[in-house]
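Each chain, letter by letter, is given below.
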Amino acid sequence: MKKYIYTFIIVFIGYFIGNSIYIEMTKDKTPGKAKRLECQRKVVTFERGFGNKDISLSQKQIESGNNHFTSSVEKAVYSQSILFNYISLNDTDKVMKNLLDSYIQIKNDKEKNYNYSYYIYENDKNDPGKKTKKSKLYAGYIVFEVKNKNNKTIYKVQIDFMDKHGADIVSSINCIVESFMTYNKSKE
């Protein structure tokens with residue numbers, strides 16, 4: 001009888017050790033990674049919201065046609081910048097504007113309580129701060145941020161793009177807008 005009890009205890013302990021190792025090896029090592037949409041699963045995406053009511057109101061502001069935004073670029077400094085030889089901020093602004101306009105339900109130029117902005121960052125692979133191979137894999141990322149009238153961030157999303165000529169930037173911008181416009185929609 002003791003032999004069976006010892007065997008059971010050893011198997012039981014082995015199961016918990018094996019299960020713990022499996023969980024540790026398969027869990028996501030990067031907190032904040034977003035995976036709620038299909039487009040977010042294709043590349044690395046970080047998403048964070050601060051205040052569901054503000055986010056809902058800012059989504060309604062876009063739906064009413066108040067979607068004015070600012071944009072900028074951050075070129076590589078330590079490497080030769082090549083991305084912006086193939087794309088322009090003017091072109092990406094047109095894509096962003098068309099996407100935001102596609103959400104307009106009723107045109108109403110009322111109050112503008114929320115400010116929208118995005119910037120395109122070109123990955124600087126020669127930056128001395130980038131020490132890992134993983135940090136040099138992507139071509140860049142796009143950050144979209146929404147701030148309230150007190151200049152407090154209420155939503156922020158960052159999505160990578162992989163093509164060094166920016167061929168996938170339009171799909172990343174699509175994902176940014178979809179991410180924002182669907183954020184917390186299922187909870188309403």
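Draft legend 1. Structural context of the packing of aromatic side chains. Following the criterion strictly, the structure yields eight aromatic pairs and no others. Between Tyr 121 and Tyr 141 the ring centres are 4.5 Å apart and the planes differ by 25 degrees, which places this aromatic pair in the stacked class. Placement of the pair is Tyr 121 in strand S3 (residues 115-122) and Tyr 141 in strand S4 (residues 140-147), with a sequence separation of 20 residues. Pairing Tyr 155 with Phe 180 gives two aromatic rings, centres 5.0 Å apart and planes at 55 degrees, and the pair type is tilted. Of the two residues, Tyr 155 is situated in strand S5 (residues 153-161) and Phe 180 in helix H5 (residues 169-182); the sequence distance between them amounts to 25 residues. The same class applies to Tyr 155 as to Phe 180, namely buried. In textbook terms, an aromatic cluster arises when at least three aromatic residues are bridged by ring pairs, as seen for Tyr 116, Phe 144, Tyr 155, Phe 180 and Tyr 183.

Draft legend 2. Examining the state of the cysteines more closely. A complete count under the given rule lists one disulfide for this structure. The residue that forms a disulfide with Cys 39 is Cys 175, at a sulfur-sulfur distance of 2.1 Å. Here Cys 39 and Cys 175 share a disulfide; its torsion about the S-S bond, 75 degrees, makes the bridge right-handed. Of this pair, Cys 39 sits in helix H2 (residues 38-42) while Cys 175 sits in helix H5, and the two are 136 residues apart along the sequence. When its relative accessible area of 2% is taken as the criterion, Cys 175 is described as buried.

Draft legend 3. Representation of the side chain of Asp 124. Mapped onto the fold, Asp 124 is located in the loop between S3 and S4. There is a polar contact of 2.7 Å between the side chain of Asp 124 and the side chain of Ser 79. With residues near it in sequence (within four places) discarded, Asp 124 still touches Ala 76, Val 77, Tyr 78, Ser 79 and Lys 130.

Calculation criteria
- Residues numbered from 1 in each chain as written.
- Predicted model: local features only at pLDDT ≥ 70, side-chain atom pairs only at ≥ 80, totals over all residues.
- Heavy atoms only, no water.
- Phe/Tyr/Trp six-rings, centres within 6.5 Å; stacked < 30°, edge-to-face > 60°.
- Helix = DSSP H or I, 4+ residues; strand = E, 2+ residues; numbered from the N terminus.
- Buried < 20%, exposed > 50% of the residue type's maximum accessible area, 1.4 Å probe, protein only.
- Disulfide = S-S within 2.5 Å.
- Polar contact = N/O pair within 3.5 Å; in protein donor to acceptor, adjacent residues only side chain to side chain.
- Contact = heavy atoms within 4.5 Å.

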